[in-house]
Amino acid sequence: WGGVQFQRGRQRRKAAHAAARAAKKAAAGRIGELGEQFPLLKVRLHAATAQVASPDAQKLVDAYADIDRVVGNAQARYSDLGNSASDPDRDGRTISEYTTVGQGYEGIVQLLDTVRVKVAALERNLQTIQRAAAQAPAKVAEAATALTRAASAIDGARSAGWKVHAAEGALAQAQVARDQAKAHL
């Protein structure tokens, strides 16, 4: 009976050891994956912030800074767990020690999973900005065509004897807005 209990305890310890090592490997994988995404994400962020108004750019920069801060914290936690005396790569720990360390690494994985969601949201925002920037010249050209048609319609209404001062004012404001948009292309 004692031999069976010893064997079962040994199997539970091996299982806890394997689970802790798997959690450490998963955390390392998440950190590596995010580390590979950051350089390209930062380049895309820089390009997008140059294309949007200052408050919108600041929101993007803040979102990136938040992601970077959380990843830095996760990396520090990972390093602390790896340097501790209860590193799961070391043999001879108790089930409780392996379980505690495994939970620490699982916490890092969960934290980095929330970062994945934040990165995906930032990526979507950057894609939206890139699409809008790509479509901007065509939209400005469409606006110029519409303003030309509106000017012709106003001239026709003036020729017919209608009062067009309000329409001319609106057209002038629209032309100023178009000119500003052209200047920002």
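Please refer to the structure placed before this passage.
Residues numbered from 1 in each chain as written. Predicted model: local features only at pLDDT ≥ 70, side-chain atom pairs only at ≥ 80, totals over all residues. Heavy atoms only, no water.

**With respect to the pattern of salt bridges**
For side chains of opposite charge, pairing can occur when their charged atoms come near one another.
Reasoning step 1: For the structure shown, the criterion picks out nine salt bridges.
Reasoning step 2: The partner of E33 in a salt bridge is R116, with the nearest N and O atoms 2.8 Å apart. Of this pair, E33 sits in helix 1 (residues 2-49) while R116 sits in helix 3 (residues 95-159); the two residues are 83 residues apart in sequence, bridging distant segments of the chain.
Reasoning step 3: D66 is the salt-bridge partner of R69, the closest N and O atoms lying 2.5 Å from each other. In this pair, R69 and D66 both sit in helix 2 (residues 54-83), three residues apart, roughly one turn of the helix.
Reasoning step 4: In this structure R69 comes out as partly exposed when scored by relative accessible area, which is 47%. (Salt bridge = Lys/Arg side-chain N within 4 Å of Asp/Glu carboxyl O. Helix = DSSP H or I, 4+ residues; strand = E, 2+ residues; numbered from the N terminus. Buried < 20%, exposed > 50% of the residue type's maximum accessible area, 1.4 Å probe, protein only.)

**What about the layout of surface pockets?**
Reasoning step 1: Roughly 170 Å³ of internal volume is contained in the largest pocket.
Reasoning step 2: Q51, A132, A133, A136 and H184 are the residues nearest the centre of the largest pocket, which is lined by 10 residues in total.
Reasoning step 3: The residue inventory of the lining of the largest pocket, partitioned by class, reads eight nonpolar, two polar and no charged. (1 Å grid on protein atoms, 1.4 Å probe; cavity = no way out; pocket = protein on both sides within 12 Å on 5 of 7 lines; lining within 4 Å. Points joined across faces, edges and corners; volume = space filled by probe spheres on them. Nonpolar A, V, L, I, M, F, W, Y, C, P; charged D, E, K, R; others polar.)

**Comments concerning the packing of helix 2 against helix 3**
Reasoning step 1: One way to put it is that helix 2 packs onto helix 3 with a least axis distance of 10 Å and a crossing angle of 160°. By the criterion of interaxial angle, the relationship of helix 2 to helix 3 is roughly antiparallel. Pair helix 2 / helix 3 crosses with left-handed handedness.
Reasoning step 2: The class makeup of the residues in the contact of helix 2 with helix 3 is 19 nonpolar, four polar and three charged. (Axes fitted to C-alpha atoms, helices over the stretch in contact; angles between N-to-C directions. Parallel < 35°, antiparallel > 145°, perpendicular 65-115°, else oblique. Left-handed = near helix turned anticlockwise from the far one by under 90°.)

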